[in-house]
Amino acid sequence: MNAQDVLYYGHETVKQVVQDLPESAWETPGVVGVWSVKDVLAHLASFEQLLVDVLHSLQDDTPTPTLDRFISLGNGRFNDVEVAERQSWRAAEVWQAYEAAAQQAQTLLAQIPLTERRRTGALPWYGAEYDLEDYLAYANYGHKREHCAQIGVFRDQTKQ
């Protein structure tokens with residue numbers, strides 16, 4: 001697996017699905033339940049920041065507040081808190097946060113040796129049988145693809 005490509009193509013998928021989306025459509029609910037495109041992107045931005053913390057946790061002693069919050073709150077509560085925290089942000093601010101974290105994740109991943117990326121159990125909170133590349137494939141790439149498909153359906157249904 002080429003982990004750099006996985007991150008790159010996941011990010012490209014997100015960019016493509018929101019490309020040319022009218023500003024008025026960013027806050028229309030109904031993409032995922034009551035979430036709008038902006039809310040879905042806020043959710044993805046929080047998970048991208050989570051990935052930054054995960055990558056830091058494998059390389060250095062940088063504080064990992066997003067990872068710590070994810071572990072303490074659990075997935076469902078983490079989603080609610082993170083999206084609510086960005087509720088007052090403009091769509092452009094949400095996009096900038098997502099994109100900055102995605103770029104930082106690419107940079108950090110490049111610094112992690114292949115042996116560390118494939119070390120089973122490196123993320124004990126994710127599962128002792130998994131490695132970083134598993135996390136990237138399932139929790140990052142797959143997660144983005146799922147939400148991008150939902151945004152795509154929303155765009156088709158609303159002709160956005």
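Everything that follows concerns the structure shown earlier in this document.
Residues numbered from 1 in each chain as written. Predicted model: local features only at pLDDT ≥ 70, side-chain atom pairs only at ≥ 80, totals over all residues. Heavy atoms only, no water.

Participant: Residues and numbers for the overall build of the protein, please.
Facilitator: Summing up its helical and strand segments, the protein has seven helices and zero strands in all. Walking the protein from its N terminus toward its C terminus, one meets helices and strands in the order α-α-α-α-α-α-α. In terms of principal-axis extent, the alpha carbons of the protein reach across some 45 × 30 × 25 Å. Every one of the 160 residues in the protein was classed for burial, and the buried ones make up 47%. Residue pairs in contact within the protein that sit at least 24 positions apart in sequence constitute 66% of those at least 6 positions apart. About 8000 Å² of surface is accessible on the protein, with carbon and sulfur atoms providing 50% of the total. For the protein, the distance from the average position of its 13 positive side-chain charges to the average position of its 23 negative side-chain charges is 4 Å. (Helix = DSSP H or I, 4+ residues; strand = E, 2+ residues; numbered from the N terminus. Buried < 20%, exposed > 50% of the residue type's maximum accessible area, 1.4 Å probe, protein only. Contact = heavy atoms within 4.5 Å. Areas by Shrake-Rupley, 256 points an atom, 1.4 Å probe, with all protein chains shown as cover. Lys, Arg positive; Asp, Glu negative; His and termini not counted. Charge placed at Lys NZ, Arg CZ, Asp CG, Glu CD.)

Participant: Requested: an account of the pattern of salt bridges, with residues and values cited.
Facilitator: Any two side chains of opposite charge can pair if their charged atoms end up close together. Tallied over the full model, the rule gives eight salt bridges. For K38, the salt bridge is made with E27, and the minimal N-O distance between the two is 3.8 Å. With K38 in helix α2 (residues 37-57) and E27 in the loop between α1 (3-18) and α2, this pair connects stretches of sequence that are eleven residues apart. For E27, a relative accessible area of 48% corresponds to the partly exposed category. (Salt bridge = Lys/Arg side-chain N within 4 Å of Asp/Glu carboxyl O.)

Participant: Quick rundown of the side chain of E116? Include the residues and the values.
Facilitator: Tracing the chain through its elements places E116 in helix α6 (residues 114-117). In contact with E116, other than residues within four places in its own chain, are L58 and A122.

Participant: How would you summarise the packing of α2 against helix α4 (residues 75-85) if you had to cite specific residues and measurements?
Facilitator: How two helices pack is summed up by the angle between their axes together with the distance between the axes. Look at α2 against α4: their axes get within 9 Å of each other, and the N-to-C directions meet at 115 degrees. Crossing handedness for the pair α2 and α4: right-handed. On the side of α2, the interface is formed by D39, A42, H43, S46 and F47, while α4 contributes N75, F78, N79, E82 and V83. Considering only residue class, the contact of α2 with α4 consists of four nonpolar, four polar and two charged. (Axes fitted to C-alpha atoms, helices over the stretch in contact; angles between N-to-C directions. Left-handed = near helix turned anticlockwise from the far one by under 90°. Nonpolar A, V, L, I, M, F, W, Y, C, P; charged D, E, K, R; others polar.)

Participant: I'd like a description of the packing of α1 against helix α7 (residues 132-158), backed by residues and values.
Facilitator: Contact pair α1 / α7: the axes reach a minimum separation of 9 Å and the direction vectors enclose 15 degrees. As far as their axial angle goes, α7 and α1 are roughly parallel. Considering the relative orientation of α1 and α7, their crossing is left-handed. Here A3, V6, L7, Y9, G10, H11, T13, V14, V17 and V18 of α1 come into contact with α7, specifically with E133, L136, N140, Y141, K144, R145, C148, I151, G152 and R155. Of the residues contributing to the contact of α1 with α7, the split by class is eleven nonpolar, five polar and four charged. (Parallel < 35°, antiparallel > 145°, perpendicular 65-115°, else oblique.)

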